[in-house]
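Fold and contact review
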Amino acid sequence: MDNLEKQLICPICLEMFTKPVVILPCQHNLCRKCANDVFQASNPYLPTRSGSLTSGGRFRCPSCRHEVILDRHGVYGLQRNLLVENIIDMFKQESSSSKPAPEKKEETPMCDIHEDEKINIYCVTHGVPICSMCKVFGAHKECEVAPLSSIYQTKKTELSDGIAMVVGNNDRMQGIISQLEEACRAIEENSRRQKTLVCEKFDHLYSILEEKKREMSQKVTGEQEEKVNYIRGLTRKYGDHLEESCKILEMGIQTMDEPEMALFLQNTKPLLKKIEEASSAAHLDKVELGYESMDHYKVDFKKEGKALRSIDFIQDDKDEDEEDEAAGAGAEEGEGSQTVPGGAVSATSAQPSAPPQQMSSSPSAPTSTPST
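Rules used throughout
- Residues numbered from 1 in each chain as written.
- Predicted model: local features only at pLDDT ≥ 70, side-chain atom pairs only at ≥ 80, totals over all residues.
- Heavy atoms only, no water.
- UniProt positions renumbered as here; feature names shortened; annotations may be inferred.
- Helix = DSSP H or I, 4+ residues; strand = E, 2+ residues; numbered from the N terminus.
- Buried < 20%, exposed > 50% of the residue type's maximum accessible area, 1.4 Å probe, protein only.
- Contact = heavy atoms within 4.5 Å.
- Polar contact = N/O pair within 3.5 Å; in protein donor to acceptor, adjacent residues only side chain to side chain.
- Pairing = 2+ DSSP bridges.
- Axes fitted to C-alpha atoms, helices over the stretch in contact; angles between N-to-C directions.
- Parallel < 35°, antiparallel > 145°, perpendicular 65-115°, else oblique.
- Left-handed = near helix turned anticlockwise from the far one by under 90°.
- Nonpolar A, V, L, I, M, F, W, Y, C, P; charged D, E, K, R; others polar.

As annotated in an unreviewed UniProt entry, the protein carries the name RING-type E3 ubiquitin transferase and comes from Astatotilapia calliptera. Checking UniProt for the protein, the heading Catalytic activity (unreviewed entry) contains the comment "S-ubiquitinyl-[E2 ubiquitin-conjugating enzyme]-L-cysteine + [acceptor protein]-L-lysine = [E2 ubiquitin-conjugating enzyme]-L-cysteine + N(6)-ubiquitinyl-[acceptor protein]-L-lysine."

The following block contains the structure:
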């Protein structure tokens, strides 16, 4: 019977279940009043009617901490455990019909001041239990007192309410902890997403710089090939002219060895004409000094470097008018912009202005210099 009685003790009020007994989804039982007290402590801001909670909410089972979710009927929507109620009735009937067991004398604590007197009343003024002698002759004779039984029930109710409040506070703390953990997970996920977007924008910026580098390199390479082809063509012309001059020189040496005067004079006239033509290079182009220079392809990225170093996230407190003015000024100066989600990337164009022409001659229009 003792073991059965222990199974019929409410975990909130620590007394035998009082009707009606409600069964929670986790199969644990509570007095409806105790369940209502725990519910109110866990949901202090929900509306009440006649001191009872009537709207839906949630609380945790005091035995297993399982979360109990209620509908709009509150604890009155929980199912009654008729089996437990019947067992309680049977237990009470058996207890009343059986012979009363010899009561064990409860040991009553003795007064510290009056050692022969038992503590049997409660000093309301000082909030301590005392004996009758303390009230009649002792330090509490002017104090207000009350029977121990009445104070016992009051304090037991206060303790039960305090336990329910602690249970509710623990539930709220657990809810806050769950919210904080969820916030940490959301921060990590949002951070990963934003870093991915930032990297994508920087990759796009890298591709723009690579394209501009390739474009400018091709421009330099194009002029290089044009100049080299022109110089090589001119080299071939001078080589052909030199070869022809060597042949005429050989003919002149052979003519000098001719002993016959008439034959010598006959061959001299056309040979002198050829020597005169070979000595002249007026028909050949000459390259102006500095034609091989490529210094006009100069670049200066100070402005662009400064713009890249100023890359940062967009500040929310900037006015749209200021952003429009900055965009207009950037367009006038030939600046471009790239936008990073949550941040701004601004850089000037890397395309250099047209370099000043430093040559007076070009492959298509070489300078002709008359020979001396």
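1. Thoughts on the environment of Ala41
Inspection of the secondary structure puts Ala41 in helix α2 (residues 32-42). Assessed through its relative accessible area of 17%, Ala41 is described here as buried. Non-local contacts of Ala41, meaning those with residues more than four positions away in its chain, are made with Ala164, Met165, Gly168 and Arg172.

2. Topic: the side chain of Asn81
For Asn81, the location among the structural elements is in the loop between β6 (67-70) and α3 (82-97). Here the side chain of Asn81 touches Asn29 through a polar contact of 2.6 Å, side chain to side chain.

3. Focus: the pairing of β6
Here β6 shows one buried face, formed by Val68 and Leu70, and one open face, formed by Glu67 and Ile69. Pairing of strand β5 (residues 57-60) with β6, which is carried by four bridges, proceeds in the antiparallel orientation. In the sheet register, Phe59 faces β6, and the bridge partner there is Val68. Taking the residues that link successive antiparallel strands as the turn, the β5-β6 hairpin has six residues, and the phi of Arg65 there is positive, at about 70°.

4. Some points on the packing of helix α5 (residues 148-256) against helix α6 (residues 261-279)
A packed helix pair is summarised by two numbers, namely the angle formed by the two axes and the spacing between the axes. The interhelical angle for the contact between α5 and α6, taken along N-to-C directions, is 155°, at an axis separation of 10 Å. In this view, α5 runs roughly antiparallel relative to α6, as classed from their interaxial angle. In this structure, α5 meets α6 at a crossing whose hand is left-handed. Residue-level contacts link His241, Ser245, Ile248, Met251, Gly252, Thr255 and Met256 of α5 to Phe264, Asn267, Thr268, Leu271, Lys274, Ile275, Glu277 and Ala278 of α6. Across the contact of α5 with α6, the residue classes tally to seven nonpolar, six polar and two charged.

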